[in-house]
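# Reading the structure
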Amino acid sequence: MKIDKKEILAALETITVAGEGKNMVESGAIKNVITFGDEVIVDIVLTTPAMHIRKRAEVDILKVIHEKVYEKAKVKINVKVEAPVQNKPQEIKGKPIPGIKNIIAVASGKGGVGKSTVTSNLAVTLAKMGFKVGLLDADVYGPSAPIMFDVERERPLSVKVDGKSKMKPIESYGVQILSIGFFTQPDQAVVWRGPMAAKALNQMIFDAAWGELDFLLLDLPPGTGDIHLSIMQSLPITGAVIVSTPQNVALADAKKGVAMFQQDSINVPVLGIIENMAYFTPDELPNNKYHIFGKDGARNLAEDLKVPFLGELPLVQSIREAGDVGRPAAMQMETPTAIAFEEITRSVVEEVVERNESLPPTEAIKITTMAGCSAAKK
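Residues numbered from 1 in each chain as written. Predicted model: local features only at pLDDT ≥ 70, side-chain atom pairs only at ≥ 80, totals over all residues. Heavy atoms only, no water.

### A closer look at the sheet that holds strand 1 (residues 30-36)
To keep things clear, this is the line we draw: Two strands are said to pair when DSSP picks up at least two bridges between them. Every helix listed is a DSSP run of H or I at least four residues long, and every strand listed is a run of E at least two residues long, numbered separately from the N terminus. To get an axis, a line is fitted to the C-alpha atoms, and for a helix only the part in contact is used. The angle between two axes follows their N-to-C directions and goes from 0 to 180 degrees. In this description, contact between two residues means that some pair of their heavy atoms is separated by no more than 4.5 Å.
Here we have three strands laid out as an open sheet, ordered 1-2-3, and mixed in their pairing. If you trace the sheet from one side to the other, it starts and ends with strand 1 and strand 3 (74-81), each paired once. Between one strand axis and the next, the sheet turns through 10° on average, direction left out of account. Pairing between strand 1 and strand 2 (residues 39-46): six bridges, direction antiparallel. Residue V33 lies in a different strand from strand 2, and its bridge partner there is V42. Across the face of the sheet, helix 1 (residues 5-12) comes into contact with strand 1 and strand 2 while running at roughly 140° to strand 1. Those strands touched by helix 2 (residues 51-68) are strand 1, strand 2 and strand 3, and its axis lies near 150° from that of strand 3.

Below you can see the structure in the form of structure tokens.
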């Protein structure tokens, strides 16, 4: 039997490639059809490499030819994948927030090193020093700021700013706070993909009435990932502070955190490293220091990486207790813990001042996508 090419094309007009609205011929997916007797060769080009899309297209072509043209036709299908070329790069541009002078990202290479505790105490110490301070809890999947500032039951109100509706941050101990924890139930898990989390963060960043701030602290999630990239795409970060404990497993991850900020495509100045849980001093032996997690690990790492060492914090039960009851330990007057936080906070401020005097303002990074992804500095 001799098969007519027109019959094949007519049959192919009745099926589509999965995810596309037009039929295979109209969409241009069918590039060529050759018939010779009862043999048919179909050349098709797909725009996605997904195996299930390819298999479905092959099955649909075989089925429609056998059903509508000739059930014993010998069909060969040649599939080629060509990703669509975008003429214009897609850019996500960051922009500064009017009224905010310095944006400090507080990060850690791994969880459990006390990053959120350090961030909250840095914030209240800055406020005690007379600075205007904001804290954005960007740890979308594990927000802790509402607990640490005893504002779990609070909900941001809507206010009008220049005719636009904005979120008013919750104030506690002189710190303006926004967290995804204000918008979820205590027992509700945040199960979001990266783009959803990034959208929520952008709303808290740009749809908030932060007012005039000397410092906005960003409590980032542990590790390096989507949220970090989204934040740095959205905002020009003044500098980053890395929190680590002294043991090797934490230091290895802290080193990756420093490397992330120092990438050429990101280029955010690292203000320094803070060593948390540096030592333990029991009440009955006030002159003794026990280095439970190792000694001087973060200090040595800072020296190796040629970044400032901002100070060390002891492993003290009262710091944990203070965070649990919503009153950061730095709020206590003239205690060794409060003094330690004050010394570290002064070091952070000094590094910010030096950074602003010696370096140009950081620019938000952009992601350029053109048949793939590459990061580039704006």
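### Remarks on the environment of G134
Tracing the chain through its elements places G134 in strand 5 (residues 133-137). Separated by 83 residues in the primary sequence, G134 and L217 place their C-alpha atoms 6.1 Å from one another. If we ignore the near neighbours within four places in the chain, the residues touching G134 are V175, Q176, W210, L213, F215, L216 and L217.

### With respect to the sheet that holds strand 10 (residues 213-219)
The sheet built from eight strands is open, its strands ordered 8-9-5-10-4-11-12-13 with mixed pairing. The open sheet has two edge strands with one neighbour each: strand 8 (170-172) and strand 13 (309-312). The average undirected angle you get between the axes of adjacent strands in this sheet is 25°. Relative to strand 9 (residues 175-179), strand 5 runs parallel, the two sharing five bridges. Residue pairing for strand 9: D137 is matched across the bridge by S179.

### Observations regarding the environment of S165
By the element assignment, S165 lies in strand 7 (residues 164-168). Aside from chain neighbours lying at most four places away, what touches S165 is S158, V159 and K160.

### A few points about the nonpolar core
Formally: In this description, a nonpolar core means a group of buried Ala, Val, Leu, Ile, Met, Phe, Trp, Tyr and Cys residues linked to one another through side-chain atoms lying within 4.5 Å. Here the term buried applies to any residue with accessible area under 20% of the maximum for its type, exposed to any over 50%, and partly exposed to those in between, with areas from a 1.4 Å probe on protein chains only.
Judged by nonpolar contacts, the single largest core of 42 residues is most densely connected at W210, L216, L218, I231, I237 and F261. Mapped by element, the contributors of at least two residues to this core are strand 4 (100-107), helix 5 (194-206), strand 10, helix 6 (226-234), strand 11 (239-244), helix 7 (248-262), strand 12 (270-275) and helix 8 (297-305). Excluding residues that lie within four positions of it along the chain, I237 makes contacts with I103, A105, L218, I231, M232, V268 and T362. Core analysis: the second largest hydrophobic core is formed by 39 residues, V106, L122, F182 and V241 among them.

### As for a nonpolar patch on the surface
Let me state the cut-off plainly: Like charges within 9 Å and nonpolar side chains (Val, Leu, Ile, Met, Phe, Trp, Tyr) within 5 Å are joined into patches, using only residues over 30% in relative accessible area that form no salt bridge. Where accessible areas are quoted, they stem from the Shrake-Rupley method and a 1.4 Å probe; at the residue level, only the protein chains shown are allowed to cover. The salt bridge definition used is simple: a Lys or Arg side-chain nitrogen within 4 Å of an Asp or Glu carboxyl oxygen.
Residues F280, L285, Y290 and I292 make up a contiguous nonpolar surface patch of roughly 350 Å² in combined accessible area. Within the secondary structure, L285 sits in the loop between strand 12 and helix 8. Of the residues examined, L285 reaches a relative accessible area of 36% and is grouped as partly exposed.

### What to know about helix 9 (residues 317-324)
So the rule is basically this: Working note: the arc is built from the helix axis to C-beta atom directions.
Buried residues of helix 9: I319, A322 and G323, and no others. All buried residues of helix 9 fall inside an arc of 95° around its axis, so they share one side. In this structure, the buried residues of helix 9 make contact with helix 3 (115-128), helix 4 (145-148) and helix 10 (336-358). Remark: G326 follows helix 9 within two positions and exhibits a positive phi of approximately 80°.

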